[in-house]
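Summary of structural features
Each chain, letter by letter, is given below.
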Amino acid sequence: MGATFKQSLIFFKAVTPTHPGYAKGALDFVDQPVQRDEFGFPCIWASSLKGAVRSMLSRTQESNACLKLALGPPPTEAHEHSSLTSFLDVRLLLFPTRSLKGVWTYATSPHFIGYLATYLEALGKNDKATQLLQNLRNISTPATSRKDILLDGQLAILNELDVKDIKIDENLPISLFEKILPEELLAHVKSRGVVLVEDDLIVDLVRRGMFIQYRVRLKENEKTVDQGPWLEEYIPQETILFTALICRPLLKNEKCSEPCDWLYNNLKNKVLWLGGNETLGKGLLKLYLVDA
C-alpha cells in the first residue's frame, strides 16, 4: 500500500505579538520591520514557517527518520534528497482593529479573502473557492456582523478612521467562513465580529494597527542606555493568518513508512514559536489544521 498524500489549510491565531524579521532598516518608519508580501502586507515567508516547524519538532525528535523525510535533511546532508513538504507563504485573513465602541473587532477585505480562495484552488478545492467568491460578491461593503460597534447606526471608528454607511449582516462570519475555518476559530471570530471593508481601506487599517515597540539595551552595571532606542514591528496579537501545506510521499524507508501522516499528526493542535524575541514571550502562534 502506498504512503499517504497529505494537503491541508493551516490557520494561525497569534497568541502573542509576532515578529517574523526582515532586513534591518528596510522600511523608513521602523528599524526592524516584519516580512511583507508583494503587495506590502505583513506576512510570514514559507522559509520562516518551515524553519520554525523544524525547530519545534527537532526539540523532541532530533533523530527521527520521519522528520528528515518530511522536512528534508540538514544542510550538510542536503544532497541526499529534498523535503517532501511544501509550505506556502502565510497570509493575513482577519486583522484585529481598535474600535471606539466594543474595544476591538476583526477587519478583512476582498483582497485577503481572494488569497484564501487562491489557496483553496491550489489544494484542488475549486468548489469551495468558487462558493467563497460568490458569497463575497453578494455582500456590499462596508458591512459588519457587530451592530454594537456602530455610532448612530451606520458609523464605526476603527483604528481612528471613520468607516461610514456600514450595513449590518449578523451572518457575515458564517457567509464567508463556514466550512472553511475550524469550529473553535469560527466561534471566536463570531464572538469578536467582522467588518468587511474595501481593499483601499484595509491598507490603512493594517498600517495603523501594526504593533510598534520601542526598545533599548542598558549597560549591565550602570542602568544607562548602551544601545537604542530602536523600533521593532510586530504582527499584533489575535491576528488570524493562513497558509497551505502539501506533503507528497515520494520517499519512505524502513524507519518511516508514512512521513506525511507523521508530520500531520505532529502539527495537530500545536502551538508554535516563530520569529524574534521568543524569550520575551513574542511569536506564539496556535495552529489549526483543516483537511483539504
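Residues numbered from 1 in each chain as written. Predicted model: local features only at pLDDT ≥ 70, side-chain atom pairs only at ≥ 80, totals over all residues. Heavy atoms only, no water.

This next bit is on the overall build of the protein. Assigned secondary structure in the protein consists of eight helices and 14 strands. Relative to a compact globule of 292 residues, whose C-alpha radius of gyration would be 19 Å, the protein shows 21 Å and is just as compact. Taking all 292 residues of the protein together, the buried fraction comes to 49%. Partitioning the intrachain contacts of the protein with sequence separation of at least 6 by distance along the chain shows that 69% fall at a separation of at least 24. (Helix = DSSP H or I, 4+ residues; strand = E, 2+ residues; numbered from the N terminus. Rg over C-alpha atoms; globule rule 2.2 N^0.38 Å. Buried < 20%, exposed > 50% of the residue type's maximum accessible area, 1.4 Å probe, protein only. Contact = heavy atoms within 4.5 Å.)

Turning next to the packing of aromatic side chains. One pair of aromatic rings is described through two measures. These are the centre distance and the angle between the planes. Scanning the model with the defined rule gives seven aromatic pairs in all. Relative to Tyr-106, the ring of Trp-104 has its centre 5.0 Å away and its plane inclined at 85°; by these criteria the two rings are edge-to-face. For the residue pair Trp-104 and Tyr-106, the accessibility class agrees, reading buried in each case. Between Phe-211 and Tyr-234, the aromatic rings sit 5.7 Å apart at their centres with planes inclined by 40°, giving tilted as the arrangement. Of the two residues, Phe-211 is situated in strand 10 (residues 211–218) and Tyr-234 in strand 11 (residues 225–234); the sequence distance between them amounts to 23 residues. Look at Tyr-234 and you get buried, because its relative accessible area is 0%. Members of the aromatic cluster, each reached through a chain of ring pairs, are Phe-39, Tyr-115, Tyr-119 and Phe-242. Stacked on the ring of Tyr-264, the Lys or Arg Lys-6 has its end atom at 4.5 Å from the ring centre. (Phe/Tyr/Trp six-rings, centres within 6.5 Å; stacked < 30°, edge-to-face > 60°. Lys NZ or Arg CZ within 6 Å of the ring centre and 35° of its normal.)

The subject of this paragraph is the pattern of salt bridges. Tallying each qualifying case throughout the model produces eight salt bridges. Residues Arg-91 and Asp-37 are paired through a salt bridge, measuring 3.3 Å at the closest nitrogen-oxygen approach. You can see Arg-91 sitting in strand 3 (residues 91–99) and its partner Asp-37 sitting in the loop between strand 1 (6–14) and helix 1 (46–58), a full 54 residues away along the chain. On the accessibility criterion, Asp-37 (14% relative accessible area) is buried. With its nearest N and O atoms 3.2 Å apart, the salt bridge here joins Glu-38 to Arg-91. One end of the pair, Glu-38, is in the loop between strand 1 and helix 1; the other, Arg-91, is in strand 3, with 53 residues separating them in the sequence. Residues participating in the shared-partner salt-bridge network are Asp-37, Glu-38 and Arg-91. (Salt bridge = Lys/Arg side-chain N within 4 Å of Asp/Glu carboxyl O.)

To continue, consider empty space enclosed by the protein. Applying the stated criterion across every chain yields a total of two cavities of 30 Å³ or more. Considered as a void within the structure, the second largest cavity measures approximately 40 Å³ in volume. Forming the walls of the second largest cavity are Asp-37, Phe-41, Arg-91, Leu-92, His-111, Phe-112 and Tyr-115. Among the elements that make up the lining of the second largest cavity, the one with the highest residue count is helix 3 (residues 110–122) (three residues). When its residues are assigned to classes, the lining of the second largest cavity shows four nonpolar, one polar and two charged. (1 Å grid on protein atoms, 1.4 Å probe; cavity = no way out; pocket = protein on both sides within 12 Å on 5 of 7 lines; lining within 4 Å. Points joined across faces, edges and corners; volume = space filled by probe spheres on them. Nonpolar A, V, L, I, M, F, W, Y, C, P; charged D, E, K, R; others polar.)

Helix length check: helix 4 (residues 126–137), at twelve residues, gives a terminal C-alpha distance of 17 Å against a target of 16 Å (1.5 Å per residue), a fit within 8%. Buried residues belonging to helix 4 abut helix 3, helix 5 (172–177) and strand 9 (194–196). (Expected span 1.5 Å × (residues − 1).)

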